[in-house]
Amino acid sequence: MSESPLVIHGRSSSHFTRVVTMFASELGLPWTLEVAPRLLSHDPADFAGHPALKLPTLLTPSGPVFGAENICRKLVALAGRAGDATLVLPEQVNDDLARNAQELIWVAMSAQVSARLLKASEGAPAPYLLKTQAGLQGALTWLDTRLDEVLAALPAPRQVSVLEVTLLCLIDHLRFFPSFPLDPYPRLNRFADVEGQRASAQRTVFRFDPRPPKDPR
Ligand SMILES: N[C@@H](CCC(=O)N[C@@H](CS)C(=O)NCC(=O)O)C(=O)O
């Protein structure tokens, strides 16, 4: 494992970025954040060369690694822990309910990005924005109802799983950018309260990075 910190291109206010910084922290890998300057830019250079203009990207000497899930895999390898069953990547989850939960978490995270960016750039809510929000809330209801079963279906014992890290980042992000009440999801709230105590979560709490004043959050 290299001693120099890993460079993660992203934002401290991004839940996809936090999945990666939390995972790196869990693995004890030093990292620094290179802040993405303009979220609505069309220039891949503003996204560390990501051709689809997304973040996060992990910058490695052998090239970039795009996307939160891919980066988590790469981090496990960089930590010298490939094959360690206590680090639960999506491919180690063999239960349909838990796999469905992971899918809904990714969808909900993307829905939240779309909802925020559509809201920032438009006046009246477009029908697609309303559908996106309804889908996000549908995913949360599903997850809240089945959370105990989903967690019980994850491999154990485990240090950390992508599913739990992504779920914490999703719920915390909904608290960071509140747009509807989270009271209807008591299990998800309790989960986030407990998981938020992890050292890796405390180290990566959402905050705004300093950046050019005209860029919409
Ligand atoms: N599949 C990607 C999704 C990443 C994503 O949507 N990131 C958001 C930031 S939280 C983003 O880049 N938003 C800008 C945009 O969608 O234009 C991943 O897993 O990393």
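Residues numbered from 1 in each chain as written. Predicted model: local features only at pLDDT ≥ 70, side-chain atom pairs only at ≥ 80, totals over all residues. Heavy atoms only, no water.

### Topic: helix α4 (residues 127–152)
(1) Moving on: In a regular helix each residue adds 1.5 Å, so 26 residues correspond to 38 Å; α4 covers 37 Å between its end C-alpha atoms and thus fits that length.
(2) Moving on: Residues of α4 that are buried include every one of Leu129, Thr132, Gln133, Leu136, Ala139, Leu140, Trp142, Leu143, Asp144, Leu147 and Val150, and no others. (Helix = DSSP H or I, 4+ residues; strand = E, 2+ residues; numbered from the N terminus. Expected span 1.5 Å × (residues − 1). Buried < 20%, exposed > 50% of the residue type's maximum accessible area, 1.4 Å probe, protein only.)

### Section: the environment of glutamine 92
(1) Moving on: Along the chain, glutamine 92 falls in the loop between β5 (87–88) and α3 (96–121).
(2) Moving on: A relative accessible area of 29% places glutamine 92 in the partly exposed class.
(3) Moving on: Aside from chain neighbours lying at most four places away, what touches glutamine 92 is Leu87 and Pro155.
(4) Moving on: In this structure the side chain of glutamine 92 is engaged in a polar contact, spanning 2.8 Å, whose partner is the backbone nitrogen of leucine 89. (Contact = heavy atoms within 4.5 Å. Polar contact = N/O pair within 3.5 Å; in protein donor to acceptor, adjacent residues only side chain to side chain.)

### Structural notes on the site of the ligand
(1) Moving on: Residues in close proximity to the ligand include Ser14, His15, Phe16, Lys54, Leu55, Pro56, Gly67, Ala68, Val113 and Leu117, which together make up its full environment.
(2) Moving on: Here a nitrogen atom of the ligand sits 2.8 Å away from a polar atom, N or O, in the main chain of leucine 55.
(3) Moving on: In isolation the ligand offers 510 Å² of accessible surface; the protein chains occlude 79% of this area.
(4) Moving on: If you map the ligand onto the pockets, it falls in the largest pocket.
(5) Moving on: Counting only elements with at least two residues in the shell around the ligand, the list comes to α1 (15–26) and α3.
(6) Moving on: Of the residues that constitute the shell around the ligand, the class distribution is 6 nonpolar, 3 polar and 1 charged. (Near = heavy atom within 4 Å. Areas by Shrake-Rupley, 256 points an atom, 1.4 Å probe, with all protein chains shown as cover. 1 Å grid on protein atoms, 1.4 Å probe; cavity = no way out; pocket = protein on both sides within 12 Å on 5 of 7 lines; lining within 4 Å. Sits in = over half its atoms within 2 Å of the grid points. Nonpolar A, V, L, I, M, F, W, Y, C, P; charged D, E, K, R; others polar.)

### Overview of the side chain of glutamine 102
(1) Moving on: With respect to the secondary-structure elements, glutamine 102 resides in helix α3.
(2) Moving on: Judged by its relative accessible area of 8%, glutamine 102 falls in the buried class.
(3) Moving on: Setting aside anything within four residues of it in sequence, one finds glutamine 102 in contact with Val162, Leu163 and Thr166.

### Quick notes on the domain arrangement of the protein chain
(1) Moving on: With domains assigned, the protein chain is organised as domain 1 (6–83) and domain 2 (87–197).
(2) Moving on: The C-alpha-based centres of domain 1 and domain 2 are spaced at 20 Å.
(3) Moving on: Between domain 1 and domain 2, the residue contacts involve 18 residues of the former and 23 residues of the latter.
(4) Moving on: Here domain 1 meets domain 2 over a buried area of about 1,900 Å², counting both sides, of which 74% is carbon and sulfur.
(5) Moving on: It is His15, Phe16 and Phe23 that lose the most area in domain 1 upon contact with domain 2, and together they represent 31% of the buried surface on that side. (Domains from an automatic or database assignment. Buried area = accessible area lost by both parts, 1.4 Å probe.)

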